[in-house]
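Survey of secondary and tertiary structure
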Amino acid sequence: MAEDDQKQVNSSGVQSFIREAHSFFYDISKESNRELPKKVDLSPKLDPLLVRAIGDVKKAYQPFSVKNPCPIKPDDHYLEIMRLKGWLDLDLNDPDLAPLFK
């Protein structure tokens, strides 16, 4: 008899939870269907001449880059790791590498 009472309490608790959850989500869906106020544009109006001048400056601007950079030699501990992993073992007579040395 006690087991039947326990099942009834559990099932009524689940049913009440389902009812509460349903009403909660129903209220949220009703709130989301309300009309939202129209968005107001608060951005300042830009002077077209200023915008055009900024565009011209951007087109004329070219970032600085070195045309012929000098190679940088890595530190000795990096070279040692590269040697251990075999990354520095090159066969200079390899036909795949020939275009690099021309």
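Basis of the calculations
- Residues numbered from 1 in each chain as written.
- Predicted model: local features only at pLDDT ≥ 70, side-chain atom pairs only at ≥ 80, totals over all residues.
- Heavy atoms only, no water.
- Helix = DSSP H or I, 4+ residues; strand = E, 2+ residues; numbered from the N terminus.
- Buried < 20%, exposed > 50% of the residue type's maximum accessible area, 1.4 Å probe, protein only.
- Areas by Shrake-Rupley, 256 points an atom, 1.4 Å probe, with all protein chains shown as cover.
- Expected span 1.5 Å × (residues − 1).
- Patch = residues over 30% accessible without salt bridge, like charges linked within 9 Å, V, L, I, M, F, W, Y side chains within 5 Å.
- Salt bridge = Lys/Arg side-chain N within 4 Å of Asp/Glu carboxyl O.

So, on to the overall build of the protein. A count of helical and extended segments in the protein gives three helices and zero strands. Counting all 102 residues of the protein, 2% fall into the buried class. Accessible surface, the protein as shown: approximately 10900 Å² in total, 60% of it carbon and sulfur.

What follows deals with helix 2 (residues 48–60). Taking 1.5 Å per residue as the helical rise, helix 2 with its 13 residues ought to reach 18 Å, and the 19 Å between its terminal C-alpha atoms agrees with that figure. With respect to burial, helix 2 is a largely exposed element, only zero of its 13 residues being buried.

What follows deals with a nonpolar patch on the surface. A cluster of nonpolar residues, Leu90, Leu92, Leu100 and Phe101, forms a patch on the protein surface that exposes about 480 Å² of accessible area. Relative to the helices and strands, Leu100 is located in the segment after helix 3 (76–85).

What follows covers the pattern of salt bridges. Two side chains with opposite charge may pair up if their charged atoms get near one another. Following the criterion strictly, the structure yields two salt bridges and no others. Of the charged contacts in the structure, one is a salt bridge between Lys73 and Asp76, with a shortest N-O distance of 3.8 Å. Each member of the pair, Lys73 as well as Asp76, carries the same accessibility label: exposed.

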